[in-house]
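Spelled out from the first residue to the last, the chains are:
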Amino acid sequence: MKKLTIIGITDKQPPFVNSHVETKIARTRVFSGGKRHHELVASLLPKEAKWIDITVPLENVFAQYRGIDDDIIVFASGDPLFHGFAATLQREFPNAAIEVVPTFNSLQTLAHRITLPYHDMTVVSLTGRPWNAFDAALIEGKTKIGCLTDNTHTPTAIVQRMLAYGYNNYIMYVGERLGNDSEERITKCTLEEAAERTFTTPNCVILVLHSPSITRLTPTFGLPDEDFAVLDGRPGMMTKMPIRLLSLQAMNLGQSKVMWDIGFCTGSVSIEAKRLFPLIDIVAFERREEGGKLMELNTRHFGTPGITTIIGDFFRQDLTTLPRPDSVFIGGHGGRLVEMIARLRHLLNTGGCIVMNCVTKDSKEKFRGTCQMLGLKLMAETRIQLNDYNPIEIVKCVKQ
């Protein structure tokens, strides 16, 4: 059985290792890790040691591991079981005997340096990952957010994203080269100050909320219609809040990973959905350039980063490059409803749904007839009337 020992280290040089690890290193001939790890541990390795660099594509690294009968020691940063390489090796070598020898991970170390209790900290890994979890932490108003960074999701990029969407109510702590006796640096600053600085890698970030009373950033069930910027001052060109919430309920977003909003206009449906379900991927379509400007204004006003906006004719878009939807809201179809539903049917995930608000009997019957023709299951309708507006029927179909 293949034996893999994964040893967590910091940037301290040479790394601190206990007697158990020293013995294992002395008895092992094959080692692996990143180039930086090799520089840190080189003085600890036997003279005849073989080193395997961990570089992408990882398949090449794993192929080298499989070609070796001896035990392998892998060096990783911090705690290899904390958003680390150990989970990757467990997936790739499910039958291997794996031992993990951890040290403090970088966020633990930074919290200790600034004497910050971190039991209630939300941890987000941005290392090779999208912004979704970080956006969700902001939208949910988390009081402490710990961020593992990479060369794209840097402290500067984090700050720029936060300030663009109005999240200037955090203090930032940045830990650089943690554990390195001569190069470690801890910085405490406002986001505006951090935007003017550069930070060495590797680094990590802790954000601490200092103004929790900012009401605009408090998650709200039902965003006020009057707070949205609207098309040419026409408030009628927006899905009203009660109808918006009923439509979102019909889409069963709690079970969805990807939502499409077609004909978003002001972006109210997408923004409400993102506020209520911040981890969901939302792709919003609008043919009018003005819609793009409104979406930018309204997402920044309501603090909702992460909505992908596509401007132009829906029927001319290459939809195969986009994540397939679990839920679709049709806010506009340009008189081509039958063609739109037919196109969506092929892309919609099994069990996914399409929801539309119908003002006229004709649009309702066209929706129903098209769904029946395409084998989509029609669901119960909801009828609602607001004040003096015409009644609206919220219709829904499901792909079985």
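What this report covers is the structure whose coordinates are included nearby. What you see is a predicted model, and the numbers here were worked out from it, not measured in a lab.

1. A look at the side chain of Thr 109
Inspection of the secondary structure puts Thr 109 in helix 5 (residues 106-113). The residues touching Thr 109, leaving out its near neighbours within four places in the chain, are Phe 104 and Leu 178.

2. Thoughts on the pattern of salt bridges
Close approach of charged atoms allows side chains with opposite charge to pair. This model, assessed by the stated rule, comprises 23 salt bridges. Asp 313 is the salt-bridge partner of Arg 316, the closest N and O atoms lying 3.9 Å from each other. The class of Asp 313 is partly exposed, set by a relative accessible area of 30%. The network of salt bridges with shared partners includes Lys 364, Arg 368, Glu 381, Arg 383 and Glu 393.

3. Quick word on the sheet that holds strand 6 (residues 122-125)
Spatially, five strands are ordered 6-7-10-8-9 in an open sheet, and the strand pairing comes out mixed. Strands with a single pairing partner mark the edges of an open sheet, and in this sheet they are strand 6 and strand 9 (185-190). Adjacent strand axes in the sheet meet at a mean angle of 20° when their direction is disregarded. As defined by bridge partners, strand 8 (residues 170-176) adjoins strand 9 across six bridges and the pair is classed as antiparallel. What sits directly across from Ile 171, in strand 9, is Thr 190.

4. Quick word on the environment of Thr 304
Looking at where Thr 304 falls in the secondary structure, it is placed in the loop between helix 11 (289-302) and strand 13 (307-311). Judged by relative accessible area, Thr 304 falls into the buried class, the value being 0%. Setting aside its immediate chain neighbours within four residues, Thr 304 contacts Ile 139, Tyr 165, Ile 271, Lys 274, Arg 275 and Thr 299.

5. Regarding the sheet that holds strand 2 (residues 30-33)
Here we have five strands laid out as an open sheet, ordered 3-2-4-1-5, and parallel in their pairing. Here the strands that pair on one side only, and so sit at the sheet edges, are strand 3 (50-53) and strand 5 (97-101). Strand-to-strand twist in this sheet, taken as the mean axis angle between neighbours without regard to direction, amounts to 20°. Across five bridges, the pairing between strand 1 (residues 3-9) and strand 5 is parallel. Paired with Thr 5 across the bridge in strand 5 is Glu 99.

6. A short note on the environment of Ile 186
Structurally, Ile 186 is set in strand 9. You can call Ile 186 partly exposed: its relative accessible area is 33%. A C-alpha to C-alpha distance of 28 Å links Ile 186 and Val 100, two positions 86 residues apart in sequence. In this view, Ile 186 contacts Leu 110, Arg 113, Ile 114, Val 174, Gly 175 and Leu 178; residues no more than four positions away in its chain are not counted.

7. Some words on the packing of helix 3 (residues 58-66) against helix 4 (residues 85-92)
Direction vectors running N to C along helix 3 and helix 4 enclose 65°, while the axes themselves pass 12 Å from each other. By crossing handedness, the relation of helix 3 to helix 4 is classed as right-handed. Across from Leu 58, Phe 62, Tyr 65 and Arg 66 in helix 3, the residues of helix 4 making contact are Phe 85, Thr 88, Leu 89 and Glu 92.

8. Looking at the pairing of strand 10 (residues 203-209)
Of all seven residues in strand 10, seven are buried; the element is thus mostly enclosed. The side-chain alternation of strand 10 yields two buried faces, one formed by Asn 203, Val 205, Leu 207 and Leu 209 and the other by Cys 204, Ile 206 and Val 208. Sheet topology places strand 7 (residues 144-148) next to strand 10; five bridges connect them, and they run antiparallel. The partner of Gly 146 across the bridge, within strand 10, is Ile 206. Relative to strand 10, strand 8 runs antiparallel, the two being bridged by seven bridges. When the bridges of strand 10 are listed, Glu 176 appears paired with Asn 203.

9. Focus on the environment of Arg 91
Position of Arg 91 relative to the elements: it lies in helix 4. With 287 residues separating them along the chain, Arg 91 and Leu 378 place their C-alpha atoms 41 Å apart.

10. Let's talk about the packing of helix 10 (residues 268-276) against helix 11
Running from N to C, helix 10 and helix 11 point in directions that differ by 25°, and their axes come no closer than 10 Å. Viewed along their axes, helix 10 and helix 11 adopt a mutual orientation that is roughly parallel. Crossing angle aside, the handedness with which helix 10 passes helix 11 is right-handed. Here helix 10 contributes Ser 270, Ile 271 and Arg 275 to the contact with helix 11, which in turn contributes Met 295, Asn 298, Thr 299 and Phe 302. Among the residues making up the contact of helix 10 with helix 11, the classes are represented as three nonpolar, three polar and one charged.

So, how was this worked out
Residues numbered from 1 in each chain as written. Predicted model: local features only at pLDDT ≥ 70, side-chain atom pairs only at ≥ 80, totals over all residues. Heavy atoms only, no water. Helix = DSSP H or I, 4+ residues; strand = E, 2+ residues; numbered from the N terminus. Contact = heavy atoms within 4.5 Å. Salt bridge = Lys/Arg side-chain N within 4 Å of Asp/Glu carboxyl O. Buried < 20%, exposed > 50% of the residue type's maximum accessible area, 1.4 Å probe, protein only. Pairing = 2+ DSSP bridges. Axes fitted to C-alpha atoms, helices over the stretch in contact; angles between N-to-C directions. Left-handed = near helix turned anticlockwise from the far one by under 90°. Parallel < 35°, antiparallel > 145°, perpendicular 65-115°, else oblique. Nonpolar A, V, L, I, M, F, W, Y, C, P; charged D, E, K, R; others polar.

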